[in-house]
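The lines below spell out each chain.
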Amino acid sequence: QVQLVESGGDLVQAGGSLRLSCAASGRTLSRYAMGWFRQAPGKEREPVAVISWSGGSTSYVDSVKGRFTMSRDNAKKTVYLQMNSLKPEDTAVYYCAARTLGLALLNVREYDYWGQGTQVTVSS
């Protein structure tokens, strides 16, 4: 089993930056694809960014391209989401997830393990 714990969420002004972290335990992440997803009140959970187990391939939804960067450090069993130029519409609970195959897919249904989320609030 894999346990995931997100951290780094905060209240930030529009245009500001945050870095989210996701720490894994229980099993190695060395061959797990990882993803960041978010859910705003009254909305469906949606993908934000995903990364292959090797870190060699990343994908982003159009709304965050050029602003967000996902990375991973398998030695530290941690993945990150650097968020720059934040907008109020980025406000959501952000979830970290792991897929039991190495190929990262930008689809909520493909992920097997989920953290409890961390709140990101961007004020106008």
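Residues numbered from 1 in each chain as written. Predicted model: local features only at pLDDT ≥ 70, side-chain atom pairs only at ≥ 80, totals over all residues. Heavy atoms only, no water.

Visitor: Would you mind showing me how to read the overall build of the chain here?
Guide: On a plain count of helices and strands, the chain comes out with 0 helices and 11 strands. Counting helices and strands in the order they occur from the N terminus, the chain gives β-β-β-β-β-β-β-β-β-β-β. On C-alpha atoms alone, the chain measures out to a radius of gyration of 13 Å, which is about the 14 Å that the 2.2 N^0.38 rule sets for 124 residues. Evaluated residue by residue, the chain yields a buried proportion of 44% over its 124 residues. (Helix = DSSP H or I, 4+ residues; strand = E, 2+ residues; numbered from the N terminus. Rg over C-alpha atoms; globule rule 2.2 N^0.38 Å. Buried < 20%, exposed > 50% of the residue type's maximum accessible area, 1.4 Å probe, protein only.)

Visitor: Even after reading the chapter, I still don't get the nonpolar core, so can you show me in this structure?
Guide: The nonpolar side chains of a soluble globular protein tend to be buried with one another. One finds Leu4, Met34, Trp36, Met70, Leu81, Met83 and Tyr94 to be the most contacted residues of the largest nonpolar core, which totals 29 residues. When residues of this core are traced back to their parent elements, those giving at least two are strand S3 (18-25), strand S4 (33-39), strand S5 (46-51), strand S7 (68-73), strand S8 (78-83), strand S9 (92-99) and strand S11 (118-123). Excluding residues within four positions of it along the chain, Leu4 makes contact with Cys22, Ala23, Ala24, Met34, Cys96, Ala97, Ala98, Tyr113, Trp114, Gly115 and Gln116. By size, the runner-up hydrophobic cluster in this structure holds 6 residues, among which are Ala33, Phe37, Val50 and Ala97. (Core = buried A, V, L, I, M, F, W, Y, C linked by side-chain atoms within 4.5 Å. Contact = heavy atoms within 4.5 Å.)

Visitor: What is the right way to read the sheet that holds strand S1 (residues 3-7) from this model?
Guide: Strand pairing in a sheet takes place through backbone hydrogen bonds and is either antiparallel or parallel in direction. A sheet is described by the order of its strands in space; here 4 strands give the open sequence S1-S3-S8-S7, paired in antiparallel fashion. Strands with a single pairing partner mark the edges of an open sheet, and in this sheet they are S1 and S7. Direction aside, neighbouring strands of the sheet carry axes that sit 15° apart on average. Sheet topology note: the S7/S8 ladder contains 6 bridges and is antiparallel. Counterpart to Met70 in the pairing with S8 is Leu81. (Pairing = 2+ DSSP bridges. Axes fitted to C-alpha atoms, helices over the stretch in contact; angles between N-to-C directions.)

Visitor: Teacher, can you tell me more about unusual backbone geometry here?
Guide: Where the residue is not glycine, phi is negative for most of them; where a peptide bond is considered, it is trans in most cases. One non-glycine residue, Lys77, lies in the positive phi region at around 55°. Residue placement: Lys77 occurs in the loop between S7 and S8. Judged by relative accessible area, Lys77 falls into the partly exposed class, the value being 32%.

Visitor: What should I look at first to understand the state of the cysteines in this one?
Guide: Here is the idea: a disulfide is a covalent bond, and it sits between the sulfur atoms of two cysteines. What the rule picks out here adds up to 1 disulfide. Disulfide pairing places Cys22 opposite Cys96 at an S-S distance of 2.1 Å. What sets the handedness of the Cys22 and Cys96 disulfide is the S-S torsion sign, and at about -80° it is left-handed. Within this pair, whereas Cys22 is found in strand S3, its partner Cys96 is found in strand S9, the two being separated by 74 residues in sequence. Given a relative accessible area of 0%, Cys96 falls into the buried group. (Disulfide = S-S within 2.5 Å.)

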